[in-house]
Amino acid sequence: MTSILFYMFASLLIGSSLFVVLNRNPIYSVVMLVFAFANLAALYFLLEAYFIGILQILVYAGAIMVLFLFVVMLLNVGPDRARPQWAAMDRWWFGGMVGVVGLTLLALVTRGMGPLRSSAADIDDGFGEIAPLATDLFSRYLLPFETAALLLTVALIGTVFLAKRRI
Amino acid sequence: MSELLYLIVLFPLIGFLVNGLLGRWLTERQSGLVASLTVAGSFLISAWLLLGLLTLPEQTRRLTQTLFTWIPVGELQVHVTYVLDPLSAVMVLVITGVGLLIHIYSIGYMRGDPGVRRYFAYLNLFMFMMLNLVLSDNLVVLFLGWEGVGLCSYLLIGFWFSDESKARAGMKAFIVNRIGDAAFIIAMIMLFDRFGTLSMGDIAWLAPGVSGDTQLLTTITMLLFIGAVGKSAQVPLYVWLPDAMAGPTPVSALIHAATMVTAGVYLIARNAALFSLAPVTMATIAIVGVITALFAATIAVTQNDIKKVLAYSTISQLGYMFMALGTGAFGAAVFHLMTHAFFKALLFLGAGSVIHGMGDEQDMRKMGNLRHSMPITFGVMLVGVLAISGIPGLSGFFSKDEILWAAFEHGGGVNLIYLAGLLTAGLTAFYMSRMLFLTFFGQSRWADGKQPHEAPSVMTVPLIILAFLAIAGGYLGVPEALGGHNLLHHFLSPVLSATAAGGHMANEAVEMLLMLISVGVAGSGIYLAFRIYIDKPETAVTLQEKFPLLHRLSANKFYVDELYRAIIIRPFEMVSELFWKGLDVKIIDAAVNGAGRALSNIGGAVRMIQTGRLQHYASMLLLGVAFILIMIMAS
Amino acid sequence: MVVPIHHVIAIAAILFTIGVMGVLFRRNAIIVFMSVEIMLNAVNLAFVGFSRFHGNIDGQIFVFFIMTLAAAEVAVGLAIIISLFRNLSTTDISEINRLKY
């Protein structure tokens, strides 16, 4: 049952991601990306990463994608103009790149996984819930955590500065 | 005493450096003074050394000083060694003496010229090079001087280089001289190959050892002679000298009459030991000399430019010297060289004075009757003309007769060389008198408003001194036949081998007769000129009309320049053009440009990768990452 | 563990490839940016998968930080795009070549 759900969500994730990349209209792309991230969150749940799944919906599907949508609408970006000519060279290039990157990654997956144990490790109850994550974050990873906070602050200031003034 | 030798050469060099480097801070007067004083220093030291030389016994009269080794390459050791022996002493005294007078004269002649410092710098450089030429024992150092005087000649002919014809004249001189210089270099290489040294003293000493190898000696001496032909303006390489008159007149006097052009004569006299062993070369020298003497004299007869007359006269007199060399009379040649230096420098400077006084007019047809306006110039020119014509009592008479006597004796009686020499003597007397008459006698033909005037004393004093020398110079070589002692001959004899001094044991009565004949010929030449140009001025025109072909040939210098243009310069230009348009443009340039274009095209093709689009770069980056990953996995 | 780890990683790889293609072949800067987000999420998926596989929570903590970073990056990146659009009136990155010359 869960594996069926997993493959279903995975298929929807890949399909909607393809739509994002292949569609010409940015508005559709943004909406489909939200959908893709929701599917990804579902995969996280199935992999027993509950807190990360929630975060995925909150931060990505909620905050980040709203920002995207907002910018797309603000700039009123229409569909891409068609390329003057989808030249033969570009097509070869596209195919070549897909092949190279895909094959490399595929090789990584198939070859690199070989020595792995076939079955997953046993896990405690509450793995992937907020408590163990929080314990680690505020103990072992306290300094990175605070640094991340600083990063967000800097990003905030930078964003305001960039967006406000005419540069 | 010999350690003072280097000073002779050093002084003009200092003058050159001072005038050349510091000239801009010198006034015109200071510049001339520096140049003249340095030459005067050289002259005084030469005179002092000559006196010292005379106190030595006859066979050991040779002062040497080795300064340093210039080129030490394996077996080739070129030492800068200066030698003062009787021959170089005569040369040095003539060069510094006449040179000094001309330097002083130049102060007046060049007054007001904006390039006067440059002029004196060149003149001093010339003196330095010329003294190197005559004092050096080594052929390479001699060649340095040989080329150096050529350079100065070029610089001074083209002194007023803004006039293109003058600049071209300088180039012509330089290029024609190259022909001779090439032969000279080959001769040096052959000499070094055979003797292992380029010291002329050593070569003279070693030469008898190879006297059997006639072919080698003939080749070497012929090549040296070709070098001399170029430098001393003999047929067929004489064409540069008339054009060289484009330079300032004192330069013509110093370089193109008295000193540089006699370098060829000096070269052969210096290597007398070598040349004496090559009879074929000697005969060639004599023939070339005679042809040159006669040929140039016939051209001089119809020239209207006062300097051109003197230029052809110089060529003719140089031919005389070569004639003497060819007949083995080296002493006579050097004697004539000396007297010629005196009277020809005098004539040139006198002509310069005339040109100066006439406001830069050189055409004799626009002169006439100048003897009242320029009495001093007229007086000294008269002396010069009489001297060159061979009137008894003046220097030219003694030296010329010695040459004619040598030719007569060499041929064992009346022969072609002697007759041609005699004819040349008559022609010389004729055209020099013609020049004198056209310039100083007859009707004044100059344009209205011209005020011919006598030159300032800074110019006339050297003229008077030269006139004195033109008279007195001959008494150094009064032949025994006239009861003299032929001092110069005895002085030179240790250097110039036996042939030079030996001649005058023959019949004194015959010699006297020959002298009378040549005086008669000279006298008739002068008389003829008097008849044509003073007595009946219209006869000149009548003669022209009677012999139009002869006149045209002579006036146009037998079309030799045109001939050279047609048979050498034109084909050369055509071949050059062929190489230029065919080989250079179509093949070499095409190859070079093609290489460039090919690279540019390859670059254009490769540039496609550099689109400037970030995504292309990113994909390359990705390919690289993929490549590295695959490599890691493969290992 | 509901599925083999291979399958999770394979899905992450496919997702990553899709993101790469979007970055390399789209000209709209916003789409390019979204493709970058897809790539980030592909990595996140791999992290989560490994975390589950090894039973180690550190992978999820990494994902947490990556999300933080992505949030900051998106904010700044979108601000830059807005700024560019103001100046050039385009979001086509093939026309944005100010630094090329």
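On a predicted model such as this, the values are computed, not experimentally measured, just so you know. Every chain is numbered independently, its residues counted from 1 as its sequence is written. To read the labels, note that chains go from A and ligands from 1, taken in the order they are written. Under the rules for a predicted model, residues below a pLDDT of 70 receive no local features and side-chain atom pairs below 80 are neither given nor counted, while totals for whole chains, interfaces and linings still include all residues. Each side-chain value is worked out from all heavy atoms of the structure, with water and hydrogens disregarded.

### Examining the overall build of chain C
Here comes step 1: Numbering of helices and strands starts at the N terminus; helices are DSSP runs of H or I of at least 4 residues and strands are runs of E of at least 2. Along the backbone of chain C there are three helices and zero strands.
Here comes step 2: Going residue by residue from the N terminus, the α and β elements of chain C occur as α-α-α.
Here comes step 3: For each residue, the accessible area found with a 1.4 Å probe, counting protein chains only, is set against the maximum for its type, and the residue is called buried under 20%, exposed over 50%, and partly exposed in between. When the 101 residues of chain C are sorted by exposure, 63% land in the buried category.
Here comes step 4: Looking at chain C alone, contacts between residues at least 24 apart form 54% of all its contacts between residues at least 6 apart.
Here comes step 5: Only the protein chains shown count as cover for residues, and the accessible areas themselves come from Shrake-Rupley with a 1.4 Å probe. With an accessible surface of roughly 3400 Å², chain C has 68% of that area assigned to carbon and sulfur atoms. Contacts are assigned to residue pairs with any non-hydrogen atoms lying within 4.5 Å of each other.

### What to know about a nonpolar patch on the surface
Residues and elements named next belong to chain B.
Here comes step 1: Exposure above 30% relative accessible area and the lack of any salt bridge qualify a residue for a patch; like charges then connect within 9 Å, and the nonpolar side chains Val, Leu, Ile, Met, Phe, Trp and Tyr within 5 Å. Here, a salt bridge means any Lys or Arg side-chain nitrogen found within 4 Å of an Asp or Glu carboxyl oxygen. Together, Y6, L10, I14, L67, F68, W70 and L144 make up an exposed nonpolar region whose accessible area comes to about 580 Å².
Here comes step 2: Mapped onto the nonpolar patch, the elements with two or more residues apiece are helix 1 (5-22) and strand 1 (63-73).
Here comes step 3: Along the chain, the position of I14 falls in helix 1.

### A look at helix 16 (residues 375-389) of chain B
For an α-helix, the turn length of 3.6 residues means that residues three or four places apart are oriented alike.
All names here are of chain B.
Here comes step 1: An expected span of 1.5 Å times one less than the residue number is assigned to each helix. Over its 15 residues, helix 16 runs 21 Å from end to end, which matches the ideal 21 Å to within 8%, given 1.5 Å per residue.
Here comes step 2: Among all positions in helix 16, only T377, F378, V380, M381, V383, G384, V385, A387, I388 and S389 are buried.
Here comes step 3: The elements touched by buried residues of helix 16 are helix 14 (306-326), helix 15 (330-357), helix 17 (395-410), helix 18 (416-440), helix 19 (457-472) and helix 22 (508-535).
Here comes step 4: Once helix 16 finishes, G390 follows within two positions and takes phi at roughly 90 degrees, a positive value.

### A closer look at the interface of chain B and chain C
The parts lose accessible area when they come together, and the size of an interface is often stated as this lost area.
Here comes step 1: Taken together, the contacts link seven residues of chain B with 10 residues of chain C.
Here comes step 2: By definition, the buried area sums, over both parts, the 1.4 Å-probe accessible area that each loses when the two are put together. Between chain B and chain C, roughly 570 Å² of surface is buried when both sides are summed, and carbon and sulfur atoms account for 66% of that area.
Here comes step 3: For the interface between chain B and chain C, the tally reads zero salt bridges.
Here comes step 4: Here a polar contact is taken to be a pair of N or O atoms separated by no more than 3.5 Å, where protein atoms must pair a possible hydrogen donor with a possible acceptor and residues adjacent in sequence count only if both atoms sit in side chains. Counting every contact that joins chain B to chain C gives zero residue pairs in polar contact (both at pLDDT 80 or more).
Here comes step 5: Considered class by class, the residues forming the side of chain B that touches chain C number two nonpolar, four polar and one charged. Nonpolar residues are Ala, Val, Leu, Ile, Met, Phe, Trp, Tyr, Cys and Pro. Charged residues are Asp, Glu, Lys and Arg, and all others, Gly as well, are polar.

### Points about the layout of surface pockets
Here comes step 1: Taken as a whole, the largest pocket encloses approximately 910 Å³ of empty space.
Here comes step 2: Method remark: on a 1 Å grid restricted to protein atoms, a set of points is classed as a cavity if a 1.4 Å probe fits but cannot get out and as a pocket if it is open with protein on both sides within 12 Å along at least five of seven lines; lining residues have an atom within 4 Å of a point. Lining the largest pocket are 32 residues, with B:R434, B:I532, B:Y533, B:A540 and B:Q544 positioned closest to its centre. Grid points are joined across faces, edges and corners, and a volume is the space filled by probe spheres set on the points.

### Considering the pattern of salt bridges
Here comes step 1: Inspection of the entire model under this criterion finds 14 salt bridges over all chains.
Here comes step 2: The salt bridge involving B:D85 is made with B:R270; its shortest N-O contact spans 2.7 Å. Here the residue B:D85 occupies a position in the loop between strand 2 (76-84) and helix 3 (86-109), and B:R270 occupies one in helix 11 (residues 263-270), the gap between them amounting to 185 residues. Side by side, B:D85 and B:R270 carry an identical accessibility label, which is buried.
Here comes step 3: Note that B:D213 is salt-bridged to B:R194, the shortest N-O span being 3.9 Å. Residue B:D213 is found in the loop between helix 7 (200-206) and helix 8 (214-231), and its partner B:R194 is found in helix 6 (residues 164-195); the two are separated by 19 residues along the sequence.
Here comes step 4: Each member of the salt-bridge network shares a partner with another, and the members are A:D136, A:R140 and C:D58.

### A word on the packing of helix 11 of chain B against helix 14 of chain B
All names here are of chain B.
Here comes step 1: It is the contact of helix 11 with helix 14, at a shortest axis distance of 10 Å, that shows an interaxial angle of 10 degrees. Relative to helix 14, the element helix 11 is oriented roughly parallel. In this structure, helix 11 contributes G264, V265, I268 and A269 to the contact, and helix 14 contributes L318, M321, F322 and L325.
Here comes step 2: Residues that form the contact of helix 11 with helix 14 fall into these classes: seven nonpolar, one polar and no charged. Geometry is summarised by axes, namely lines fitted to C-alpha atoms with helices restricted to the contacting stretch, and by angles between N-to-C directions that run from 0 to 180 degrees. Our angle categories are set so that under 35 degrees counts as roughly parallel, over 145 as roughly antiparallel, 65 to 115 as roughly perpendicular, and the remainder as oblique.

### Here's the deal with the confidence of the model for chain A
When pLDDT drops low, the exact placement of atoms in the prediction is not to be read closely.
Here comes step 1: Per-residue confidence for chain A gives a mean pLDDT of 82, with 84% of residues at or over 70.
Here comes step 2: For every residue, the predictor states its confidence as a pLDDT score lying anywhere from 0 to 100. In the model of chain A, helix 4 (residues 88-112) of chain A stands out as the element of lowest mean pLDDT, 72, in contrast to helix 2 (residues 26-46) of chain A, which has the highest, 91.

### Some thoughts on the interface of chain A and chain C
Here comes step 1: Taken together, the contact between chain A and chain C spans 81 residues of the former and 73 residues of the latter.
Here comes step 2: In total, chain A and chain C occlude about 7000 Å² of area from one another, counting both sides; carbon and sulfur atoms represent 76% of this.
Here comes step 3: On the chain A side of the contact with chain C, A:V21, A:L47 and A:F68 bury the most area, a combined 9% of that side's loss.
Here comes step 4: Inspection of the region where chain A meets chain C yields two salt bridges.
Here comes step 5: Between A:E48 and C:R52 there is a salt bridge whose closest N-O contact spans 2.9 Å.
Here comes step 6: Seen at the junction of chain A and chain C, the total is nine residue pairs in polar contact (both at pLDDT 80 or more).
Here comes step 7: Of all the elements in the fold, those that place two or more residues in the side of chain A that touches chain C are helix 1 (2-22), helix 2, helix 3 (50-75), helix 4, helix 5 (130-137) and helix 6 (142-164) of chain A.
Here comes step 8: The dominant element in the side of chain A that touches chain C, judged by the number of residues it contributes, is helix 3 of chain A, at 13 residues.
Here comes step 9: Class assignment for the residues of the side of chain A that touches chain C results in 58 nonpolar, 11 polar and 12 charged.

### Quick look at unusual backbone geometry
The general pattern is negative phi for most residues beyond glycine and trans for most peptide bonds.
Here comes step 1: A cis amide bond links B:V235 to the next residue, B:P236, at an omega of 10 degrees.
Here comes step 2: Relative to the assigned elements, B:P236 resides in the loop between helix 8 and helix 9 (240-243).
Here comes step 3: For A:E48, which is not a glycine, the phi torsion comes out positive at approximately 60 degrees.
Here comes step 4: Tracing the backbone shows A:E48 in the loop between helix 2 and helix 3.
Here comes step 5: Classification of A:E48 as partly exposed rests on a relative accessible area of 21%.

### A look at the packing of aromatic side chains
Here comes step 1: In summary, the pairing rule links any two rings of Phe, Tyr or Trp, Trp by its six-membered ring, whose centres are within 6.5 Å, and it sorts them by plane angle into stacked for under 30 degrees, edge-to-face for over 60 and tilted for everything else. For the structure shown, the criterion picks out 29 aromatic pairs over all chains.
Here comes step 2: Note on A:Y141 and C:F65: the rings are 6.5 Å apart at their centroids and 65 degrees apart in plane angle, and the pair reads as edge-to-face. Taken together, the residues A:Y141 in the loop between helix 5 and helix 6 and C:F65 in helix 3 (residues 58-88) connect one chain to another. C:F65 shares its class with A:Y141; the two are buried.
Here comes step 3: In textbook terms, an aromatic cluster arises when at least three aromatic residues are bridged by ring pairs, as seen for A:F138, A:Y141, A:F145, C:F64 and C:F65.
Here comes step 4: The ring of B:W25 carries B:R24 above its face, with NZ or CZ at 5.3 Å from the centroid.
Here comes step 5: A positively charged side chain is recorded as over a ring if its NZ (Lys) or CZ (Arg) lies within 6 Å of the ring centre. The angle to the ring normal must also be within 35 degrees. A cation over an aromatic ring shows up here: B:R118 above the ring of B:F159, its NZ or CZ 4.3 Å from the ring centre.

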